[in-house]
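What the coordinates show
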Amino acid sequence: RIEDLFENLSKSKLAYYKKAKKISALRDIAAKNMSKRINEYLTEMDMPNAEIKIELKKMDTISDNGIDVCEFYAITNKGESFKKIKKIASGGEISRVMLAINLANQKALSLNTLIFDEVDTGISGLTASNVGVLLEELSNSRQLIIITHLPQIASKSKHHIYIDKIVKENRVISLCEILNKNGHKNEIARMLSGKTITSHSLNQAGEMIANG
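What counts as what
Residue numbers run consecutively from 1 along every chain, following the written order of its sequence. In keeping with the predicted nature of the model, local features appear solely for residues at pLDDT of at least 70, side-chain atom pairs appear and are counted solely at 80 or more, and the whole-chain, interface and lining totals rest on all residues. Values reported for side chains reflect all heavy atoms of the structure, with hydrogen atoms and water molecules removed beforehand. Helix and strand definitions follow DSSP, with helices as H or I runs of at least four residues and strands as E runs of at least two, each counted in order from the N terminus. The size measure is the radius of gyration over C-alpha atoms, and the globule rule it meets is 2.2 Å times the number of residues to the 0.38 power. Exposure is judged per residue with a 1.4 Å probe applied to protein chains only, and the accessible area is read against the type maximum: over 50% gives exposed, under 20% gives buried, and values in between give partly exposed. A 1.4 Å probe and the Shrake-Rupley method give the accessible areas. Residues count as covered only by the protein chains that appear here. Residues scored as charged are limited to Lys and Arg (positive) and Asp and Glu (negative), so that His and the chain ends carry no count. Note that the charge is assigned to NZ on lysines, CZ on arginines, CG on aspartates and CD on glutamates. A patch is a set of surface residues, each over 30% in relative accessible area and not in a salt bridge, joined within 9 Å for like charges and within 5 Å for the nonpolar side chains Val, Leu, Ile, Met, Phe, Trp and Tyr. Any Lys or Arg side-chain nitrogen located within 4 Å of an Asp or Glu carboxyl oxygen qualifies as a salt bridge. Here the rule is simple: two strands pair whenever DSSP picks up at least two bridges between them. Here a cavity denotes a set of grid points, spaced 1 Å apart and computed over the protein atoms alone, in which a 1.4 Å probe fits but from which it cannot get out, and a pocket denotes an open set meeting protein on both sides within 12 Å along at least five of seven lines; residues with an atom within 4 Å of a point are reported as lining. Grid points are joined across faces, edges and corners, and a volume is the space filled by probe spheres set on the points. All residues other than Ala, Val, Leu, Ile, Met, Phe, Trp, Tyr, Cys, Pro, Asp, Glu, Lys and Arg, Gly among them, are scored as polar; the first ten of these are nonpolar and the last four charged.

Of the regular secondary structure elements, the chain holds six helices and seven strands. The N-to-C order of helical and strand elements in the chain reads α-β-β-β-α-β-α-β-α-β-β-α-α. Against the globule reference of 17 Å for 212 residues, the chain gives a C-alpha radius of gyration of 24 Å, more extended than a compact globule. Oriented by its inertia axes, the alpha-carbon framework of the chain measures out at about 85 × 45 × 35 Å. For the chain, with 212 residues in total, the buried portion stands at 33%. When the accessible surface of the chain is split by element, carbon and sulfur atoms take 53% of a total near 14,100 Å². Across the chain, 31 positive and 25 negative side-chain charges occur, with their mean positions spaced 3 Å apart.

Let us now look at unusual backbone geometry. The bulk of non-glycine residues show a negative phi, and the bulk of peptide bonds are trans. One non-glycine residue, Glu169, lies in positive phi territory at about 55°. Relative to the elements of secondary structure, Glu169 occurs in the loop between strand S6 (161-168) and strand S7 (171-178). A positive phi angle is found at Asn170, which is not glycine, with a value near 60°. According to the relative accessible area criterion, Asn170 is exposed, its value standing at 81%.

All right, on to a nonpolar patch on the surface then. Taken together, the side chains of Ile2, Phe6 and Leu9 define a hydrophobic patch exposed on the protein surface, amounting to about 340 Å² of accessible area. Inspection of the secondary structure assignment puts Ile2 in helix H1 (residues 2-44).

This brings us to the sheet that holds strand S1 (residues 51-58). Here we have three strands laid out as an open sheet, ordered S1-S2-S3, and antiparallel in their pairing. Unpaired on one side and paired on the other, S1 and strand S3 (83-84) mark the two borders of the sheet.

Inspection of every chain in the model, using the stated rule, returns seven salt bridges. For the salt bridge of Lys53 with Glu55, the shortest nitrogen-to-oxygen distance reads 3.2 Å. In this structure, Glu71 and Lys84 form a salt bridge, with 3.4 Å as the shortest nitrogen-oxygen distance. You can see Glu71 sitting in strand S2 (residues 68-75) and its partner Lys84 sitting in strand S3, a full 13 residues away along the chain.

This part is about the layout of surface pockets. One number sums up the size of the largest pocket: a volume of about 940 Å³. Looking at the largest pocket, it is lined by 25 residues, and the ones nearest its centre are Ile146, Ile147, Thr148, His159 and Ile161. Of all the secondary-structure elements, those providing two or more residues to the lining of the largest pocket are helix H3 (125-138), strand S5 (143-147), helix H4 (151-154), S6 and helix H5 (181-193). No other element matches S5, which puts five residues into the lining of the largest pocket. Each residue belonging to the lining of the largest pocket can be placed in one class, and the counts come to 11 nonpolar, eight polar and six charged.

Just geometry here; none of it tells us what the structure is for.
Right, dumping it as structure tokens:
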């Protein structure tokens, strides 16, 4: 009985490694294709010197997921070496890298909600508009919660929540207000012109919302 068990174990291992190697070969192809798609998105988000590399390392142990360990490496500035994404310091860069990864993989991921905290850090103008368009594209397949200070991104939102801080009983508290259509337009205008909302900024805000 013991000999039979060892023989069955040996056959099972051979079958496992045969299938695992096939999956590993497919993953190698997918990793290269996905890296390419991610890097294209990063270029659109004004990170032309950024580059993502997906590495697959082989394990000696048997697992449910095969013989591969997948790790994401990134370069965010010219002249730097590849580092694990989790070691990248800038929050804005991490947000944009994660946005690019999710865009490249949006059909496969089953996540329902993603939160981007100040994905607009260090960008403005056309790049901000591009990031807004990409966020809008991703919002078609899942819910996004975005913290932003840029009208190019906020104008594309389906629901605009204004957050303010006040002092009450010697404590700073945050207030959240869900803006209606007029409130949304006024807030975009304020983001464009500052404290004083002008007729020009209101017209511009209206155009931005309509284009979004």
